[in-house]
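Structural characterization, general
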Amino acid sequence: MRGYALADVPLESFDRQYRARCRVQRPDRYRLLDALPADAPSIARGGGVSYVGASFGNGAISQDLGAFDRLLAFDPQRGTLTVEAGARIGDVQRFLLARGWYLPVAPGHPRASIGGCIAADVHGKNPARDGTFRAWVEAFELHRAGEGFVQVDRARDAGLFDASFAGFGLTGSITRATLRLARPPSALVLRRVPVADLAEAARILREAANAPVLYGWHDARAAHFGRGVVRIGLASDPVASLPAGGDAGSDLPASIRALPFALWNRLGIGAANTWLATRWCRAGQAPLPLSDALFPLNRARLYFAGYGQAGMVEAQWLVPHPRFEAFAHALSECVARMRPRIALLASKLFAGTPDGFSFDGKGIALALQLPHPASTAQRAFLEALAEIAIAHDGRPNLIKESTLDPHAVRRALGGFEAARMRLAHHNPAGRRTSELARRLAL
Amino acid sequence: MTSLIVGASSGLGRALAQELAGRGHELLLVSSDARDLDAIAADLRLRHDVTVHVLALDLAHEADPGARLAGALDTMPALDALLLPVGLSRSDDDFGLDAARIGQLLAINLHAPLAIVQALLPRLLASRGVIVLFGSIAAVRGRGRNVVYAAAKRALESLHESLRQRYPPQQLRVQLYRLGFLATNLTHGVALPAPATEPALVARIVAARLTRESARWYLPRRFGLIALLVRWMPWPLYRRMRG
């Protein structure tokens, strides 16, 4: 019967570390959301671009909400937009920017869905200024098999509202949401501040906390560890700016064909770092198109393809300010000792309050992307990184790192059991499940 | 231009709604579920700044769908195009259906298009409008699967001929598309012998041809060749293709 049709599809996490043949339902009408048996294990799937297997898993039916991508109501006076949860963040931003609004918090991949942004509680270009996605959601609607649709906001069901952010889709399938909007900067100029190490970067990041765009890029090779640049996007005179530009056709694809060889070996990493150091690590400033600021990954197709068939892994740890300098020093020593291959090292400033499994807090986050995560040496470094981060009160980003050990996660997140119980309260029979939920026993 | 799309909430119907809204058409969208229709209409209004009307209608149980549509059109500008991408198929349509399910398939695939065309003919004749019917590659030659569906789609070809025989091109234009496999929920999870085409691509072609004269086309075009092969295949060989 229509809507109940399931396709047997090979699915892969964005980092290529988890693959599974899964049954996928693709409802295109509201009533078909109820077509699956209520007791069938399932999980909602939006853009399918999460680094880990959050929208699929062995034995679970992935309910692809791509057809639910419609804009439902736009209030240009109040600055709110109600949208179906399958809408892509890139499409939403283009619609809003053309009307003088935008969502300040957007993940790097433009094909991430609004539902995915809620389920992962993503952060944007400066979480210290804008918070995470939850700060911009007024209300949403959940669908649960056998129960129908549930309207959720802070007043109506604060527990369910909070649990659904970084709830990884386990509280139900998010079907629509009402978002708060902000006025975009009329223009952006990107200021580059070279830094000698991570400690200096942290100081610059704290000083520029109110910039619309704020992050650091760093060389992660042992000889130059931490050297890099803090990039500060500032609102500027419109004349200095470039148009927002871009359309759906220029968005990074959800799935990127890997190069037949790995570009990010020591030679490739060295060449890229040298080139970026020459190009970026000079003080100065230049106009920055808003589309480039919002979706930097659109220019990173070759970068991701360059990880080859073996894929990559991203580790993100948020370390409190008082411990960051010591953490950076310990990490630098670890890199000098173990000499891992790190293709990217980036830093961001956070200033929020962690809740449940969300990636938030007051401190500096480091994101590291590594090729060949399955190799013994790389895996050993990732484990060492986790130990150093935990020793410095670091908090991991569960939606990013697919090789995180569940025991390490429990040690890193003091409130792990409470957060898990909160999710279980809204998923009592465990019918909503995914590879991420299985691996971390959520 | 004012267009009416029956079966507008999914697949080709939804793609046509998006395409025609992008071309500035005022639309009346008809489908069975008000919530789907409201979502599509809201989206089209916001993205394209066009006027969109909706009518929720259960074609499987509506005795006189033409009258309901005629009533809805009373408050709208003259109708220029009637598009009928409405359809329902079942995986168990292989001589295993009871009378009620046969009736449901016929109601949606045949009775509704017939009744709607007849009810709206006076309006379309007045505007020298266009009727767009959607047949199927499944109707080229009867098989042991899609039995009722294919019979209904073949009847639509008869309707296309009847309309063209009765009304000269100066009064009414009638277009029929024999559709191959489209990447919709109808084909999701089905092992197809040929690649499925995106509905948006088909919708773009259909919209561009709305101003053309009466005709019959295969979409995608390669299905014309496939239909030829199927039609002229020797019976003993065709009979063995039961998979």
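Our subject is the structure that appears above.
Throughout what follows, the structure given in this document is the object of discussion.

With that settled, the discussion passes to the overall build of chain B. Scanning chain B for helices and strands turns up eight helices and seven strands. Relative to the compact-globule value of 18 Å for 243 residues, chain B shows a C-alpha radius of gyration of 18 Å, a close match. Dimensions of chain B, computed from C-alpha atoms along their principal axes, come out at roughly 55 × 40 × 35 Å. Within chain B, buried positions represent 53% of all 243 residues. The contacts in chain B between residues at least 6 apart in sequence include a share of 72% that link residues at least 24 apart. As presented, chain B carries roughly 10,900 Å² of accessible surface, and 54% of it is formed by carbon and sulfur atoms. Between the centroid of the 29 positive side chains of chain B and the centroid of its 20 negative side chains there is a distance of 11 Å.

Moving on, we come to the pattern of salt bridges. Residue and element names in this part refer to chain A. Across all of its chains, the model carries 32 salt bridges over all chains by this definition. In this structure, R94 and D91 form a salt bridge, with 2.8 Å as the shortest nitrogen-oxygen distance. Placement of the pair is R94 and D91 together in helix α1 (residues 89-97), with a separation of three residues, close to one helical turn. Residue class for D91 comes out partly exposed when judged on its relative accessible area of 29%. Residues R227 and D219 are paired through a salt bridge, measuring 3.5 Å at the closest nitrogen-oxygen approach. Residue R227 is classed as partly exposed on the basis of its relative accessible area, which comes to 31%. It is possible to trace a salt-bridge network through shared partners that takes in D121, R134, D355 and R422.

Moving on to the interface of chain A and chain B. A common way to report how large an interface is uses the accessible area buried once the components associate. Between chain A and chain B, the contact holds 27 residues from the first and 25 residues from the second. Where chain A abuts chain B, roughly 2,300 Å² becomes buried across the two surfaces, and 45% of that area is made up of carbon and sulfur atoms. One can count two salt bridges joining chain A with chain B. The residue E141 of chain A makes a salt bridge to R35 of chain B at a minimum N-O spacing of 2.6 Å. For the pair chain A and chain B, the number of links is nine residue pairs in polar contact (both at pLDDT 80 or more). Mapped onto the side of chain A that touches chain B, the elements with two or more residues apiece are β1 (6-12), β2 (19-25) and β5 (71-75) of chain A. Counted by class, the side of chain A that touches chain B contains 14 nonpolar, two polar and eleven charged residues.

Criteria and thresholds
- Residues numbered from 1 in each chain as written.
- Chains lettered and ligands numbered in written order.
- Predicted model: local features only at pLDDT ≥ 70, side-chain atom pairs only at ≥ 80, totals over all residues.
- Heavy atoms only, no water.
- Helix = DSSP H or I, 4+ residues; strand = E, 2+ residues; numbered from the N terminus.
- Rg over C-alpha atoms; globule rule 2.2 N^0.38 Å.
- Buried < 20%, exposed > 50% of the residue type's maximum accessible area, 1.4 Å probe, protein only.
- Contact = heavy atoms within 4.5 Å.
- Areas by Shrake-Rupley, 256 points an atom, 1.4 Å probe, with all protein chains shown as cover.
- Lys, Arg positive; Asp, Glu negative; His and termini not counted.
- Charge placed at Lys NZ, Arg CZ, Asp CG, Glu CD.
- Salt bridge = Lys/Arg side-chain N within 4 Å of Asp/Glu carboxyl O.
- Buried area = accessible area lost by both parts, 1.4 Å probe.
- Polar contact = N/O pair within 3.5 Å; in protein donor to acceptor, adjacent residues only side chain to side chain.
- Nonpolar A, V, L, I, M, F, W, Y, C, P; charged D, E, K, R; others polar.

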